[in-house]
Amino acid sequence: MLFLGDEQLTRLKTISFLIDKEAKIVYASGSIRALLGYTLEEITGKSWYSFLDESRKKRIEHFRELELHFLNNPEINHFSVEKKMKTKYDKICWMKWNISRDENGMYLGIGQDISDLKKNQVKLNNVNRKLAHQKKEIQDSIAYAKRLQDAILPEVNGLHQFFADAFVLNQPKDIVSGDFYWFTKKEDWFIFLIADCTGHGVPGALMSILAHSVVRNVIRETKKVHPAAMLAQIDKELVAALNEKENGTIKDGMDIALCAFQPTTGMLRFAGAFRPLIMIRDDQFSELPASRFPIGFFDDVKKEFIESEIQLKTGDQLFLFTDGYVDQFGGAESGHESKKLNKKRFKELLHQCSEMKGDEKESYLSWAHSNWRQHEEQTDDVLVLGVKI
């Protein structure tokens, strides 16, 4: 057995006590003087509990607790406890005690000074409390921002005034989103769109509110209903609103798909900035392409947005979507890396749910996205808008 001397115990900030059945100190290591300030003569014969920083009642309770512990657990001859000890100079020293009892009922206590650890724990607890408070403030602010963002989005039921069926799957990566949808009536046209702004979370949400304002103002002020011309004007006004040019390039912008539908004639006009339109007609897919220019970003490039026009008929289904759905990583099989869902699989999902009602389509696409993602983090904000003529 290895015995440590007083010098070694002092270096380890450790004290050893031998205590009798009445909790009186029979022996203490010399290291007690360095840690608590007492000499052996000053503590021998005194109750170990008298050195605890507790009331007399508490000391008696702890001694009974100690006795009951060994009485009720005869197979266990030791246990650990942390106590505040009073030094000779009325200071506090936190000690962690490992206490055991021999066959004669004598207690051996080995205590280690953990005052520095306790101080650090107090500091850490204070920091954690501050962080928890800051986190709550941030979460409350984001929740409020979510309410504001939701307030600018129209009710999905408004789509049912002009279409046989409709749905919107809006699934932010975080609480708030950089994607948004919008629709409005303009003369005898019904305009609906989806947009994907730079970033996600709070930065994306702030960008989406600015972009929403620009989009709404341009559409309401434009006299003729031509999506391509509207995109060109949206691009111009968003660049002016951002006002952050750097070497001919601005840092923010959005992709957008914009439709104008005339219910009286069934005519559809479409223009997109990096976001196409997918149509299902008679169980066959077709796609109206988007221009290869974003809204914003490049201020020194001449952009030309292409407009498509198509005559719709009853039963046609139209889908607008941001890239969050098709870019989702997942689908990992055993021994293989995850991969993007991609547009081909997305079309397969649209085909699988094409005969469902709008709310069922929304639920199915949400489930399919989650099923594909599995344990992967959501890659981006997800937004899919679908209507049926």
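None of these values were measured; they are calculated from a predicted model.

What counts as what
Residues numbered from 1 in each chain as written. Predicted model: local features only at pLDDT ≥ 70, side-chain atom pairs only at ≥ 80, totals over all residues. Heavy atoms only, no water. Buried < 20%, exposed > 50% of the residue type's maximum accessible area, 1.4 Å probe, protein only. Helix = DSSP H or I, 4+ residues; strand = E, 2+ residues; numbered from the N terminus. Pairing = 2+ DSSP bridges. Phe/Tyr/Trp six-rings, centres within 6.5 Å; stacked < 30°, edge-to-face > 60°. Lys NZ or Arg CZ within 6 Å of the ring centre and 35° of its normal. Expected span 1.5 Å × (residues − 1). Arc of directions from axis to C-beta. Axes fitted to C-alpha atoms, helices over the stretch in contact; angles between N-to-C directions. Parallel < 35°, antiparallel > 145°, perpendicular 65-115°, else oblique. Left-handed = near helix turned anticlockwise from the far one by under 90°. Contact = heavy atoms within 4.5 Å. Nonpolar A, V, L, I, M, F, W, Y, C, P; charged D, E, K, R; others polar.

Draft legend 1. Inspection of the pairing of strand β19 (residues 382–388) at higher detail. The element β19 is extensively covered by neighbouring structure, given that six of its seven residues are classed as buried. Here strand β6 (residues 165–171) runs beside β19; their pairing, made up of seven bridges, is antiparallel. Paired with Leu169 across the two strands is Val384, which belongs to β19. As defined by bridge partners, strand β16 (residues 317–321) adjoins β19 across five bridges and the pair is classed as antiparallel. Its bridge partner lying in β19, Leu318 is registered against Val387.

Draft legend 2. Quick look at the packing of aromatic side chains. Taken as a whole and assessed by the stated rule, the structure comprises 14 aromatic pairs. Plain terms: the ring middles of Tyr364 and Trp367 are 5.8 Å apart, the flat faces sit at 40° to each other, and that makes the pair tilted. Pair noted here: Tyr364 and Trp367 are both in helix α10 (residues 358–373), with a separation of three residues, about one helical turn. A network of ring pairs unites the aromatic residues Phe162, Phe163, Tyr181, Phe183, Phe190, Phe192 and Phe261 as a single cluster. In this arrangement the basic side chain of Lys118 is found over the ring face of Trp94, its NZ or CZ atom lying 4.5 Å from the centre.

Draft legend 3. Local environment of helix α7 (residues 227–242). The first and last C-alpha atoms of α7 sit 22 Å apart over 16 residues, in line with the 22 Å expected at 1.5 Å per residue. Among the residues of α7, those classed as buried are Pro227, Ala228, Met230, Leu231, Ile234, Asp235, Leu238, Val239 and Leu242. Projected down its long axis, α7 shows its buried positions confined to an angular sector of 165°, all on one face. For α7, the exposed residues lying more than 90 degrees away from the buried face are Lys236 and Ala240. Note on α7: the residue one or two positions beyond its end, Asn243, has a positive phi of about 50°.

Draft legend 4. Local environment of the packing of helix α5 (residues 115–152) against helix α6 (residues 201–221). Taken N-terminus to C-terminus, the directions of α5 and α6 make an angle of 30°; their axes are 11 Å apart at the nearest point. It follows from the interaxial angle that α5 and α6 lie roughly parallel. When the axes of α5 and α6 are compared, the crossing they make is left-handed. Residues Ile142, Gln149 and Ile152 of α5 form the contact with α6, whose own contacting residues are Val202, Ala205, Ser208, Ile209 and His212. For the contact of α5 with α6, a count of residues per class yields five nonpolar, three polar and no charged.

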